[in-house]
Amino acid sequence: MPDVERAELESAMAADMRALAAASEQLGRVFAGQHELGANDFQALLRIMVADVEGAPLTVGRLGSSLGMSSAAMTYLVERMISSGHIRREPDPNDRRRVILRYDDHGMEVAREFFGPLGELTRGALADVDEADLATAHRVFGILIGAVRTYEQRLTSG
């Protein structure tokens, strides 16, 4: 019976992950609509932030590859996002020949203003969850993200 329970738990977690992804995607649409951003604009902002938090800031080329956009389309998107104050280019501190993309002050302000209340709701929702459970959940999220990224690499690398 334990194998059935584990399979059911894994299935429930996969369903939870899909539900979280769908809810997050909808929230992204609301944000994009409120700030007159296209879907690719929002995805670019999201990917820039995730990469930055992970310590692997994106170049224009890597961002374009991850979005599946041509070089010309990517240049247009980046120029538009720089003009609107959402992002900026800066020299890569590890390789001065490369340029990386970062949130600009205006972009951070807009993101904090929109997503700050979600952070407060999340902290409130997790207030009764002990640190050990939070650490376990964080580890599980990391494992799931790794699995999704591995699958995506398999699909796009050949």
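Above this text is the structure in question.
I will try to describe carefully the structure that is included in this document.

When you go through the protein chain residue by residue, the secondary structure sums to six helices and two strands. What you see in the protein chain, going N to C, is helices and strands ordered as α-α-α-α-β-β-α-α. Out of the 158 residues in the protein chain, the part that is buried amounts to 21%. Long-range contacts, defined as pairs at least 24 residues apart, comprise 45% of the intrachain contacts of the protein chain with a sequence gap of at least 6. A total of about 11200 Å² of accessible surface is found on the protein chain, and carbon and sulfur atoms cover 57% of it. Between the centroid of the 17 positive side chains of the protein chain and the centroid of its 24 negative side chains there is a distance of 9 Å.

This part is about the layout of surface pockets. The calculated volume of the second largest pocket comes to roughly 230 Å³. As for the second largest pocket, its lining consists of Arg6, Leu9, Glu10, Met13, Ala14, Met17, Arg139, Val140, Ile143 and Leu144. Contributions of two or more residues to the lining of the second largest pocket are made by α1 (2–34) and α6 (131–156). Here the element with the most residues in the lining of the second largest pocket is α1; it accounts for six residues. For the lining of the second largest pocket, a count of residues per class yields seven nonpolar, no polar and three charged.

So, about the nonpolar core. Within soluble globular proteins, side chains that are nonpolar tend to cluster in buried spots. Counting 22 residues, the largest nonpolar core has Phe31, Leu45, Ile48, Leu63, Met74, Leu77 and Ile87 as the members making the most contacts within it. Those elements that place two or more of their residues in this core are α1, α2 (39–53), α3 (60–67), α4 (71–83), β2 (95–103) and α5 (105–126). Every residue in contact with Leu63, bar those within four places of it in the chain, is listed here: Ala44, Arg47, Ile48, Leu58, Met74 and Leu101.

The next thing to look at is the side chain of His86. On the secondary structure map, His86 appears in the loop between α4 and β1 (87–92). One polar contact links His86 to Ser84, side chain to side chain, over a distance of 2.6 Å. Excluding anything up to four places from it in sequence, His86 contacts Leu37, Leu45, Met81, Arg102, Tyr103, Asp104, His106 and Gly107.

For Glu36, which is not glycine, the phi torsion reads 55° and is therefore positive. Examined against the element boundaries, Glu36 turns out to sit in the loop between α1 and α2.

How each quantity is defined
Residues numbered from 1 in each chain as written. Predicted model: local features only at pLDDT ≥ 70, side-chain atom pairs only at ≥ 80, totals over all residues. Heavy atoms only, no water. Helix = DSSP H or I, 4+ residues; strand = E, 2+ residues; numbered from the N terminus. Buried < 20%, exposed > 50% of the residue type's maximum accessible area, 1.4 Å probe, protein only. Contact = heavy atoms within 4.5 Å. Areas by Shrake-Rupley, 256 points an atom, 1.4 Å probe, with all protein chains shown as cover. Lys, Arg positive; Asp, Glu negative; His and termini not counted. Charge placed at Lys NZ, Arg CZ, Asp CG, Glu CD. 1 Å grid on protein atoms, 1.4 Å probe; cavity = no way out; pocket = protein on both sides within 12 Å on 5 of 7 lines; lining within 4 Å. Points joined across faces, edges and corners; volume = space filled by probe spheres on them. Nonpolar A, V, L, I, M, F, W, Y, C, P; charged D, E, K, R; others polar. Core = buried A, V, L, I, M, F, W, Y, C linked by side-chain atoms within 4.5 Å. Polar contact = N/O pair within 3.5 Å; in protein donor to acceptor, adjacent residues only side chain to side chain.

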